[in-house]
Amino acid sequence: MADQNPTGRGAAVALKLPVDHARFLRDTFEKACDGVREELRDYPDSLKDPKHLRDEEAAYRRLLTALDVLVIVPDADVLGIVADLATIIDKDNEYSRVVAEHEALHGLLGQLSGEAAR
């Protein structure tokens, strides 16, 4: 099948990303991958689980390659990294607070301008 990876590791996913999303993702994945590499290089003797970090680095490299070729076979490492990054970025940006404030202000604006009655 065209949507199956010949290595048997699962279905390939074709990525459709706007240019600004791809730029953000590339920058984020490059910084994260560099951080993992630094940790492996600078603290090899104090790492509890260097294999986990090597797997993480490999997942970031797969994600970066996917941004070039616009296809990836997502595995547990890739899914975990993307989920963790989404959580970290949402928390750092106070996403839930921003969404609540946006909804409150735009809800009020809609009522004041009569948009909610339409």
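The text that follows walks through the structure, step by step, so that each part is easy to find. All values reported here derive from a predicted model rather than from experimental measurement.

**So, the packing of helix α1 (residues 19–42) against helix α2 (residues 50–69)**
Then comes step 1: Contact geometry for α1 and α2: axes closest at 9 Å, N-to-C directions at 155 degrees. Classified by the angle between their axes, α1 and α2 sit roughly antiparallel to one another. Considering only the axes of α1 and α2, their crossing is left-handed. Between α1 and α2, the contacting residues are Ala22, Leu25, Arg26, Phe29, Glu30, Ala32, Cys33, Val36, Arg37, Glu39 and Leu40 on the first element and Pro50, Leu53, Arg54, Glu56, Glu57, Tyr60, Arg61, Leu63, Leu64, Leu67 and Asp68 on the second.

**Let's talk about the packing of aromatic side chains**
Then comes step 1: Here the structure, examined in full by the defined rule, presents 1 aromatic pair.
Then comes step 2: Plain terms: the ring middles of phenylalanine 29 and tyrosine 60 are 6.3 Å apart, the flat faces sit at 45 degrees to each other, and that makes the pair tilted. Linking phenylalanine 29 in helix α1 with tyrosine 60 in helix α2, this pair joins segments that are 31 residues apart in sequence.
Then comes step 3: Judged by relative accessible area, which is 5%, phenylalanine 29 ranks as buried.
Then comes step 4: Under the relative-accessibility criterion, tyrosine 60 is labelled buried at 5%.

**As for the environment of leucine 15**
Then comes step 1: With respect to the helices, strands and loops of the structure, leucine 15 is situated in the loop between β1 (13–14) and α1.
Then comes step 2: Here the alpha-carbon distance between leucine 15 and valine 69, two residues 54 residues apart in the chain, equals 8.6 Å.
Then comes step 3: Every residue in contact with leucine 15, bar those within four places of it in the chain, is listed here: Ala66, Leu70, Val71 and Ile72.

**As for α1**
Because the α-helix completes a turn every 3.6 residues, residues three or four places apart line up on one side.
Then comes step 1: For α1, spanning 24 residues, the distance from its first C-alpha to its last is 34 Å, which sits close to the expected 34 Å at 1.5 Å a residue.
Then comes step 2: When α1 is considered as a whole, its buried residues turn out to be Thr28, Phe29, Ala32, Cys33, Val36 and Leu40.
Then comes step 3: The secondary structure elements touched by the buried residues of α1 are α2 and α3 (76–92).

**So, the environment of leucine 64**
Then comes step 1: Tracing the backbone shows leucine 64 in helix α2.
Then comes step 2: Along the sequence, leucine 64 and cysteine 33 sit 31 residues apart, while their C-alpha atoms lie 9.4 Å from each other.
Then comes step 3: Ignoring anything within four residues of it in the chain, the contact list for leucine 64 reads Arg26, Phe29 and Glu30.

Calculation notes
Residues numbered from 1 in each chain as written. Predicted model: local features only at pLDDT ≥ 70, side-chain atom pairs only at ≥ 80, totals over all residues. Heavy atoms only, no water. Axes fitted to C-alpha atoms, helices over the stretch in contact; angles between N-to-C directions. Helix = DSSP H or I, 4+ residues; strand = E, 2+ residues; numbered from the N terminus. Parallel < 35°, antiparallel > 145°, perpendicular 65-115°, else oblique. Left-handed = near helix turned anticlockwise from the far one by under 90°. Contact = heavy atoms within 4.5 Å. Phe/Tyr/Trp six-rings, centres within 6.5 Å; stacked < 30°, edge-to-face > 60°. Buried < 20%, exposed > 50% of the residue type's maximum accessible area, 1.4 Å probe, protein only. Expected span 1.5 Å × (residues − 1).

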